[in-house]
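Summary of the model geometry
Spelled out from the first residue to the last, the chains are:
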Amino acid sequence: MFSLGSWLPALPGLAWGWALLDALLQGLVGACAVSVLCSLLKVYLYIQCVNNPERQAEKEAIAAQQPLLEPLHVLVLTGVLALVGSRVAALVVLEFSLRAVSTILSLGKGTHSSQLYLLCQYSLGCGVSCGLSFLLEGAPHRSWNLALAAGLAGLLALHARRLARHVCALYELHSRAHYCGVCILLLAAGHGIPRLLRNALGLTFAVADLAAVELINRDFLSTVEAVRFWTPLTICYTLLVIYMQEESRQSMGRALVFRTVLVRMGGLFILLLTVGRWTDILHVFVSLLGELWCLLRAGVLLESCWTQ
């Protein structure tokens, strides 16, 4: 495998250092993807609140979110995604994909769920990281490619954050006065943001699922070993999806979301105790922290989704 470090002389620990750099760059791209998702959802939910006089309290709560905390959120999520191994990240991606398909089928035709977009934050970061790891495996100058991807993702996240800040500050004034081209465009086509996110996330998770299956299967030397892993995994994930669907019908709210995260990570923990490695166990705890961090950051947006 060629990377930025392949041009330098072999020194003790140098390969480990470049591997860590690659992991951080992959994590940064995933964190920027999550930031873009949250910024666009913030824009969409704010516009919905502006158009509904009964949701003024929600609008003020969304606008009151501290924009200075966003860089901290990206930084922490970058570290978490860099620490999570490709094996556990792949399992997180597959679990969410199964859960998302079940949720979409349970909703009506043509119905979208903004809550589902917020719940996929950590899974999206893992999916982007898995996809990059798979697509760039064996690529010449891997580190340079990741650095370019991180730079482009950072610019996209920065512009999305600026858009959200602009909308929360000036959308009401500009949309009424027809003063700002961006706000006029959102006034006319802002309802299409969920469709844009649905298409983008569908493509991202399609690539991530293929990458996840390949990353997991490359650890098996025979078909028998693969069957021993995939059979309990399929049973565990199916039971989790059935349980979460039943829970969502009975209740909704912050407590349900956090309880679902604990159940999912608990099931993954028990599964990996029997068919995983000790490093996988540590990565499950890191994933739990990542999930909780994303949900805590999106608390106001989740409340708005539940009201909607």
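Predicted, not measured: the structure shown is a model, and the values here were computed from it. (Residues numbered from 1 in each chain as written. Predicted model: local features only at pLDDT ≥ 70, side-chain atom pairs only at ≥ 80, totals over all residues. Heavy atoms only, no water.)

**Description of the overall build of the protein**
Along the backbone of the protein there are 13 helices and zero strands. Mapped in sequence order, the helices and strands of the protein form the string α-α-α-α-α-α-α-α-α-α-α-α-α. Here the protein holds 308 residues, and 49% of them are scored as buried. (Helix = DSSP H or I, 4+ residues; strand = E, 2+ residues; numbered from the N terminus. Buried < 20%, exposed > 50% of the residue type's maximum accessible area, 1.4 Å probe, protein only.)

**Examining the pattern of salt bridges**
Under the definition given, this model contains six salt bridges. Its salt-bridge partner being Arg 87, residue Asp 280 comes within 2.9 Å of it at the nearest N-O pair. Note that Asp 280 is positioned in helix H12 (residues 278-297) and Arg 87 in helix H4 (residues 86-106), a separation of 193 residues in sequence. The pair Asp 280 / Arg 87 is uniform in exposure class, with both members buried. The residue Arg 264 makes a salt bridge to Glu 95 at a minimum N-O spacing of 3.1 Å. With Arg 264 in helix H11 (residues 254-275) and Glu 95 in helix H4, the pair connects residues that are 169 residues apart, well separated along the chain. Glu 95 carries the same exposure label as Arg 264, and that label is buried. Linked through salt bridges whose partners overlap, the residues forming this network are Glu 95, Arg 99, Arg 264 and Glu 291. (Salt bridge = Lys/Arg side-chain N within 4 Å of Asp/Glu carboxyl O.)

**Looking at the packing of H4 against helix H6 (residues 121-135)**
It is at 8 Å that the axes of H4 and H6 come closest, and there the two elements cross at 125°. Between H4 and H6, the crossing angle belongs to the class labelled oblique. H4 and H6 meet at a crossing whose hand is left-handed. In contact with Ser 86, Ala 89, Ala 90, Val 92, Val 93 and Phe 96 of H4, H6 contributes Tyr 122, Ser 123, Cys 126, Gly 127 and Cys 130. (Axes fitted to C-alpha atoms, helices over the stretch in contact; angles between N-to-C directions. Parallel < 35°, antiparallel > 145°, perpendicular 65-115°, else oblique. Left-handed = near helix turned anticlockwise from the far one by under 90°. Contact = heavy atoms within 4.5 Å.)

**Here's the deal with the packing of helix H7 (residues 142-177) against helix H8 (residues 181-189)**
For the pair H7 and H8, interaxial distance at closest approach is 9 Å and the crossing angle is 80°. With respect to each other, H7 and H8 are oriented roughly perpendicular. Contact residues: Leu 163, His 166, Val 167, Leu 170, Tyr 171, His 174 and Ser 175 in H7; Val 182, Cys 183, Leu 186 and Leu 187 in H8. For the contact of H7 with H8, the class distribution of residues is eight nonpolar, three polar and no charged. (Nonpolar A, V, L, I, M, F, W, Y, C, P; charged D, E, K, R; others polar.)

**As for the packing of aromatic side chains**
Taken as a whole and judged by the stated rule, the model has two aromatic pairs. Each ring, one from Phe 96 and one from Phe 205, has its centre 5.1 Å from the other, and the planes form 35°; the classification is tilted. Here Phe 205 lies in helix H9 (residues 193-217) and Phe 96 lies in helix H4, a separation of 109 residues in the sequence. Taking the relative accessible area as the measure of exposure, Phe 96 reaches 4% and is therefore buried. (Phe/Tyr/Trp six-rings, centres within 6.5 Å; stacked < 30°, edge-to-face > 60°.)

**A few points about the UniProt feature "transmembrane region" (unreviewed entry) in the protein**
Per the UniProt entry, the sites bearing "transmembrane region" (unreviewed entry) are residues 68-94, 114-136, 143-164, 227-244 and 256-275 in this numbering. Secondary structure content for residues 68-94 is 89% helix and 0% strand, and the end C-alpha separation is 33 Å. With 100% helix and 0% strand, residues 256-275 has its two end C-alpha atoms placed 28 Å apart. (UniProt positions renumbered as here; feature names shortened; annotations may be inferred.)

**Side note on H12**
In a regular helix each residue adds 1.5 Å, so 20 residues correspond to 28 Å; H12 covers 30 Å between its end C-alpha atoms and thus fits that length. Of the residues making up H12, those classed as buried are Asp 280, Ile 281, His 283, Val 284, Val 286, Ser 287, Leu 288, Gly 290, Glu 291, Cys 294, Leu 295 and Arg 297. (Expected span 1.5 Å × (residues − 1).)

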